Amino acid sequence: MASQTQGIQQLLAAEKRAAEKVSEARKRKAKRLKQAKEEAQDEVEKYRQERERQFKEFEAKHMGTREGVAAKIDAETKVKIEEMNKMVQTQKEAVIKDVLNLVYDIKPELHINYRLN
């Protein structure tokens, strides 16, 4: 009977050691997964930064800086406004003359709906 209880005690101790090993293995696995996740996030962040840098280089190469684009648009707008002002100055007299001719050329006549009784 003593040998049976001793055998049971050995089995319980072996089971306890096995449970501890399984628990430690799970902890190591969780730690490795966490580390792998952090490394993957770092790698993604590095890749994102590299692509952002490449995009900024591409943008600067093909479009110039934002200030340069804004200055170019401002210059084009000023040129167009000057052209429009020149067109107004050249056409101004003719338009005023045509409008005044229409105003002065009054032909009084009765409306078609007006009836004489």
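About the criteria used
Residues numbered from 1 in each chain as written. Predicted model: local features only at pLDDT ≥ 70, side-chain atom pairs only at ≥ 80, totals over all residues. Heavy atoms only, no water. UniProt positions renumbered as here; feature names shortened; annotations may be inferred. Helix = DSSP H or I, 4+ residues; strand = E, 2+ residues; numbered from the N terminus. Rg over C-alpha atoms; globule rule 2.2 N^0.38 Å. Buried < 20%, exposed > 50% of the residue type's maximum accessible area, 1.4 Å probe, protein only. Areas by Shrake-Rupley, 256 points an atom, 1.4 Å probe, with all protein chains shown as cover. Lys, Arg positive; Asp, Glu negative; His and termini not counted. Charge placed at Lys NZ, Arg CZ, Asp CG, Glu CD. Patch = residues over 30% accessible without salt bridge, like charges linked within 9 Å, V, L, I, M, F, W, Y side chains within 5 Å. Salt bridge = Lys/Arg side-chain N within 4 Å of Asp/Glu carboxyl O. Polar contact = N/O pair within 3.5 Å; in protein donor to acceptor, adjacent residues only side chain to side chain.

The name an unreviewed UniProt entry assigns to the protein chain is V-type proton ATPase subunit G, from the organism Bombyx mandarina. Check the Sequence similarities (unreviewed entry) section of the UniProt entry for the protein chain; it says "Belongs to the V-ATPase G subunit family." In UniProt, the protein chain has this text filed under Subunit (unreviewed entry): "V-ATPase is a heteromultimeric enzyme made up of two complexes: the ATP-hydrolytic V1 complex and the proton translocation V0 complex."

A. Quick look at the overall build of the protein chain. Counting secondary structure elements, the protein chain contains two helices and zero strands. Its C-alpha atoms give the protein chain a radius of gyration of 45 Å, clearly above 13 Å, the size a compact globule of 117 residues would have. By its C-alpha atoms, the protein chain is 140 × 60 × 15 Å across when sized along the principal axes. Buried residues in the protein chain amount to 1% of all 117 residues. Surface exposure of the protein chain reaches about 12,100 Å², of which carbon and sulfur atoms provide 57%. With 26 positive and 21 negative side-chain charges, the protein chain shows a spacing of 10 Å between the two charge centroids.

B. Focus on a positive patch on the surface. Judged by side-chain charge, Arg26, Arg28, Lys29 and Arg32 come together as a positively charged surface patch. Structurally, Lys29 can be placed in helix H1 (residues 2–63). For Lys29, a relative accessible area of 49% puts it in the partly exposed group.

C. Quick peek at the pattern of salt bridges. Tallied over the entire structure, the rule returns four salt bridges. Residue Glu50 pairs with Arg53 through a salt bridge whose shortest N-O separation is 2.3 Å. Here Glu50 pairs with Arg53, and both are found in helix H1, just three residues apart, close to one helical turn. Under the relative-accessibility criterion, Glu50 is labelled partly exposed at 31%. Its relative accessible area of 38% is what places Arg53 among the partly exposed residues. Between Glu52 and Lys56 there is a salt bridge, with the nearest N and O atoms lying 3.9 Å from each other. With Glu52 and Lys56 both in helix H1 and four residues apart, the pair spans about one turn of that helix.

D. Focus on the environment of Lys37. With respect to the secondary-structure elements, Lys37 resides in helix H1. Residue classification places Lys37 among the exposed positions, given a relative accessible area of 55%. Separated by 46 residues in sequence, Lys37 and Glu83 have C-alpha atoms that sit 62 Å apart.

E. Seen up close, a nonpolar patch on the surface. Residues Val95, Ile96, Val99, Leu100, Val103 and Tyr104 make up a contiguous nonpolar surface patch of about 560 Å² in total accessible area. Within the secondary structure, Val103 sits in helix H2 (residues 66–104). Residue classification places Val103 among the partly exposed residues on the basis of a relative accessible area of 48%.

F. A look at the environment of Arg48. Residue position: Arg48 is located in helix H1. With relative accessibility at 43%, the residue Arg48 sits in the partly exposed group. A polar atom in the side chain of Arg48 sits 2.6 Å from the side chain of Glu45.

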